[in-house]
Amino acid sequence: MTSCLSKGLFFLLYTIVFVSCGVFSFASQNGTEDIHSSTGAPTLEMVREVIELAVPVHKKMNDINDYREIILPPYSNTRIALSNYSRNAGENVGYALVQLHAFEFNVTLSYNSTIVDGGHLTGQNIGLLLYGDGDLYALNLNPKQPVWVALVLMLYNQSAPVPGGCNLEFPVEVSPILNVTLTSEVIIVDTPAASVAHQFRNGPNGCGKARLQYESYYIQMPAHDFSQRSYFGAIRSLISYANANSSGRQNSLHAPLQINRHEYGRLNGRGMVFVTAVIDPVHRGFSLYVPAHTYSCQPFINEAECYGLNIPLRVFAVILTIFAVVEIVVGWIPSVVKCPICMACMSVLLSIEYLDWLGKPLPPQTIITCLVAMAIVGLLFGVLFSFLAPITGRVICSFLTGYLILQTMFGLIDGNFYNMPNISLYIVLGATLIGLALSIMLPIVLITRSVILGAICMFYTINTIFGAQLDYPLRHSVRRLYVENYRYVHADPSLDGNDAVALATFVFTMVVCLFLRSRYQSDEVQGDYSRIEIPCHGLARRRHDDDEDRIERSTVIAADDTAAYQRFVNEQTVITRWTSGDDDVFESPQTNSRFFRVLRRTARS
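Residues numbered from 1 in each chain as written. Predicted model: local features only at pLDDT ≥ 70, side-chain atom pairs only at ≥ 80, totals over all residues. Heavy atoms only, no water.

**A look at the overall build of the protein chain**
Okay, step 1: Check the secondary structure of the protein chain and you find 16 helices and 21 strands.
Okay, step 2: For the protein chain, buried positions account for 48% of its 605 residues.
Okay, step 3: The long-range share in the protein chain, meaning contacts at least 24 apart out of those at least 6 apart in sequence, stands at 77%.
Okay, step 4: Accessible area for the protein chain stands at about 30,300 Å²; split by element, carbon and sulfur atoms hold 62% of it. (Helix = DSSP H or I, 4+ residues; strand = E, 2+ residues; numbered from the N terminus. Buried < 20%, exposed > 50% of the residue type's maximum accessible area, 1.4 Å probe, protein only. Contact = heavy atoms within 4.5 Å. Areas by Shrake-Rupley, 256 points an atom, 1.4 Å probe, with all protein chains shown as cover.)

Here it is as structure tokens:
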């Protein structure tokens, strides 16, 4: 029995090793170990010297007619032969667009077997036009690196405009590719001018005078997904007009005199794919350029940058979150500190609105100088308010909260909300209403200035800890000051699971902090209040009854919750109901509070 079991285990082990070796051998013969194929995906094949793209009998007009993923060997020259064009194309096909999309490395697509000026394009997303049977050449000039590429055949009808037919930017006469420029703040997508179909050209009328329309579409890749499969999947989802309409999002913003230029806000840690559709409304034709791709970071050079792994900043955010939690629960920061901080923040936000109202992009040094100066002015006014008009300082803190709430809400719903007319005025008015509501209503449920300041700090620090995009509207408002024509930049907040986790963490932490605050109330919570006072009478009331104004209680605690009120002189039990005969002397914690104030005054006297 033992011998049979040993033989069985040995046979099983041998089978596993054999299968593993077979799989490893197959993978090594099909490119590098970084290249994999998934179930249901196009078959991945090593290229031969010639790849044939045959025009099918049953054609799909203005759509994909052949798609395959291949590996170009290191330092190789592969001929791509377009066949059956004259036999199967007929009179309906105007031209064939052959696209080549490479992952991570550049490749070259040429009309000639050797590189000739004006006859080739080099990049990651390239394509050339053919009007009949012919050859193209795919060159991988990387001496040691095989490159995974997607080869696509698109067929367009005779009424389709020619993308890049009026090109003045690329060396090839007809260049159906997009020019993508990645700057520090935005992504610029330039589309070479198209021309009408060949049969509609009348001398110079093919370029310049053609009434063509351009539509720009984009799609976002999953956050922090830099895989090859995700790359090719995103490109394929925009490669035809039907896919672009269903899977992509349209960017209708462009500068007034640059209809072929579209700008996008950078989304750190994400890849984006862009495509431009050109439409001829007169002849009812359309075509698409070759989709272009870019990452907003450098995942193959510095991947940590894409994740925002700034360890010192995150450690600082953790420390600040702890301080914010303590501030919400205890209210340990004095009023003379909280009021200037809120005033400085409010001054900076109002300065941003004023600088944007000027309508001119300013140098970063000028912006920093103005904001720092206004922050200092806000600090000085905050100190004055904390001593002379504390109620005014509390109202300003509430106004700041309303402003940030509305700004975040608008920004996460629509990244281009600053393009709405008079939106800044609406935010200010809404912030005023929210600030008044907070000042009047929320002290009843213990939302005072300590909670407001702590909640603001906690919201942005938790966002930093998780690397989320919840602070995107705030950064979006600052960029419009120094990026030229930023109102025409398409901004997308791109919320994902990471943002949901950060928001859920903030809500859960706030609930816990408010619960702890309701259970623990110190005898003096500096800068908070439990009822509304008239500002001009606040100083007089403090002079006449200083103790009563200093001691604050939460009205959300039940009257019979004796555990929450054992805070008087060495944790002595607080009497919540003391009856003498038929007369109820102590009915509520407020009565207890008055009773203990009398005891303190008697003890001091």
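**Things to note about the environment of S450**
Okay, step 1: Tracing the backbone shows S450 in helix α11 (residues 449-466).
Okay, step 2: Note: C-alpha distance between S450 and G331 (119 residues apart in sequence) is 5.2 Å.

**Details of helix α6 (residues 311-330)**
Okay, step 1: With 20 residues, α6 extends 29 Å from end C-alpha to end C-alpha; this agrees with the ideal 28 Å at 1.5 Å per step.
Okay, step 2: Listed as buried for α6 are A317, T321, A324, E327, I328 and V329.
Okay, step 3: Positive phi appears at G331, one or two residues downstream of α6, with a value of about 70°. (Expected span 1.5 Å × (residues − 1).)

**Overview of the packing of helix α7 (residues 335-358) against helix α8 (residues 364-388)**
Okay, step 1: Relative orientation of the contacting elements α7 and α8 amounts to 140°, with a least axis distance of 7 Å. Between α7 and α8, the angle falls in the class oblique. Both α7 and α8 take part in a crossing whose hand is right-handed. Contacts between α7 and α8 involve S335, V336, C339, P340, I341, M343, A344, S347, V348, S351, I352 and L355 on the former and, on the latter, C370, L371, M374, A375, G378, L379, F381, G382, V383, F385, S386 and F387.
Okay, step 2: Among the residues making up the contact of α7 with α8, the classes are represented as 18 nonpolar, 6 polar and no charged. (Axes fitted to C-alpha atoms, helices over the stretch in contact; angles between N-to-C directions. Parallel < 35°, antiparallel > 145°, perpendicular 65-115°, else oblique. Left-handed = near helix turned anticlockwise from the far one by under 90°. Nonpolar A, V, L, I, M, F, W, Y, C, P; charged D, E, K, R; others polar.)

**Remarks on the packing of aromatic side chains**
Okay, step 1: In the structure shown here, the tally under the stated rule is 19 aromatic pairs.
Okay, step 2: Both rings, one in Y95 and one in Y131, keep their centres 6.2 Å apart while their planes meet at 65°; by these two values the pair is edge-to-face. A residue pair is termed long-range when its members are at least 10 positions apart, and Y95 in strand β5 (residues 93-102) and Y131 in the loop between β8 (125-130) and β9 (134-140) qualify at 36 residues.
Okay, step 3: Residue class for Y95 comes out buried when judged on its relative accessible area of 2%. (Phe/Tyr/Trp six-rings, centres within 6.5 Å; stacked < 30°, edge-to-face > 60°.)

**A word on the confidence of the model for the protein chain**
Okay, step 1: Here the protein chain averages 77 in pLDDT, while 75% of its residues score no lower than 70.
Okay, step 2: β8 holds the highest mean pLDDT among the elements of the protein chain, 95, whereas helix α1 (residues 2-29) holds the lowest, 36.
Okay, step 3: Low pLDDT, under 50, characterises residues 1-46; the predicted model gives this stretch 34 contacts beyond four residues in sequence or across chains.
Okay, step 4: Contacts for the low-pLDDT stretch residues 523-574, under 50 throughout, to residues beyond four places or in other chains number 98 contacts. (pLDDT = per-residue confidence, 0-100.)

**Some points on the nonpolar core**
Okay, step 1: Membership of the largest hydrophobic core comes to 65 residues, with the highest contact counts inside it found for L82, L100, V107 and V149.
Okay, step 2: Examining the composition of this core, we find that 10 residues originate from one element, strand β10 (residues 147-157), more than from any other. (Core = buried A, V, L, I, M, F, W, Y, C linked by side-chain atoms within 4.5 Å.)

**So, the state of the cysteines**
Okay, step 1: Per the counting criterion, the structure on display carries 1 disulfide.
Okay, step 2: Covalent S-S linkage joins C297 and C306, the inter-sulfur distance amounting to 2.0 Å. Given an S-S torsion of about 110°, the disulfide between C297 and C306 has right-handed geometry.
Okay, step 3: Residue C297 is classed as buried on the basis of its relative accessible area, which comes to 6%. (Disulfide = S-S within 2.5 Å.)

**Points about the sheet that holds strand β15 (residues 261-265)**
Okay, step 1: Read across the sheet, 4 strands follow the order β11-β12-β15-β19 without closing on themselves; strand pairing throughout is mixed. One side of each edge strand has no neighbouring strand; the edge strands of this open sheet are β11 (179-182) and β19 (489-490).
Okay, step 2: Here β11 runs beside strand β12 (residues 186-190); their pairing, made up of 4 bridges, is antiparallel. Pairing of L182 across the sheet is with I187, part of β12. (Pairing = 2+ DSSP bridges.)

**Some remarks on the packing of helix α9 (residues 390-413) against helix α10 (residues 423-440)**
Okay, step 1: Where α9 contacts α10, the axes come no closer than 7 Å and their chain directions differ by 130°. By the angle between their directions, the pair α9 and α10 is classed as oblique. Our pair here, α9 against α10, has a crossing hand that is right-handed. When α9 is examined against α10, the residues R394, V395, S398, F399, T401, G402, Y403, L406 and F410 are found in contact with a partner set consisting of I423, I427, V428, G430, A431, T432, I434, G435, L438 and S439.
Okay, step 2: Counted by class, the contact of α9 with α10 contains 11 nonpolar, 7 polar and 1 charged residues.

**Describing the pattern of salt bridges**
Okay, step 1: Across all of its chains, the model carries 11 salt bridges by this definition.
Okay, step 2: R79 is the partner of D135 in a salt bridge, and the nearest nitrogen-oxygen pair spans 3.2 Å. In this pair, D135 sits in strand β9 while R79 sits in strand β4 (residues 76-83), placing the two residues 56 residues apart along the sequence.
Okay, step 3: We classify D135 as partly exposed; its relative accessible area is 29%.
Okay, step 4: Note that E327 and K338 form a salt bridge whose closest N and O atoms lie 3.2 Å from each other. You can see E327 sitting in helix α6 and its partner K338 sitting in helix α7, a full 11 residues away along the chain. Comparing E327 with K338 shows no difference in burial state: the two are buried. (Salt bridge = Lys/Arg side-chain N within 4 Å of Asp/Glu carboxyl O.)

**Some remarks on a nonpolar patch on the surface**
Okay, step 1: Together, V336, V337, I341, M374, V377, F381, V383, L384, F387 and L388 make up an exposed nonpolar region whose accessible area comes to about 850 Å².
Okay, step 2: If you tally residues by element for the nonpolar patch, the top one is α8, at 7 residues.
Okay, step 3: Here L384 lies in helix α8.
Okay, step 4: Overall, the relative accessible area of 48% leaves L384 in the partly exposed class. (Patch = residues over 30% accessible without salt bridge, like charges linked within 9 Å, V, L, I, M, F, W, Y side chains within 5 Å.)

**As for the sheet that holds β4**
Okay, step 1: The strand order β2-β4-β9-β6-β7 describes an open sheet built from 5 strands, whose pairing is mixed. Unpaired on one side and paired on the other, β2 (50-54) and β7 (120-123) mark the two borders of the sheet. Direction aside, the axes of adjacent strands within the sheet are offset by 20° on average.
Okay, step 2: Here 3 bridges tie strand β6 (residues 107-110) to β9, and the two strands are oriented antiparallel to one another. Among the inter-strand pairings, L109 is bridged to a residue of β9, identified as A138.

**As for the layout of surface pockets**
Okay, step 1: Space inside the second largest pocket adds up to approximately 650 Å³.
Okay, step 2: Around the second largest pocket sit 26 residues that line it, and D356, G359, Y418, R480 and R487 are the ones nearest its centre.
Okay, step 3: When residues of the lining of the second largest pocket are traced back to their parent elements, those giving at least two are α7 and α10.
Okay, step 4: With 5 residues, α7 is the largest single contributor of residues to the lining of the second largest pocket.
Okay, step 5: In terms of residue class, the lining of the second largest pocket is built from 12 nonpolar, 8 polar and 6 charged. (1 Å grid on protein atoms, 1.4 Å probe; cavity = no way out; pocket = protein on both sides within 12 Å on 5 of 7 lines; lining within 4 Å. Points joined across faces, edges and corners; volume = space filled by probe spheres on them.)

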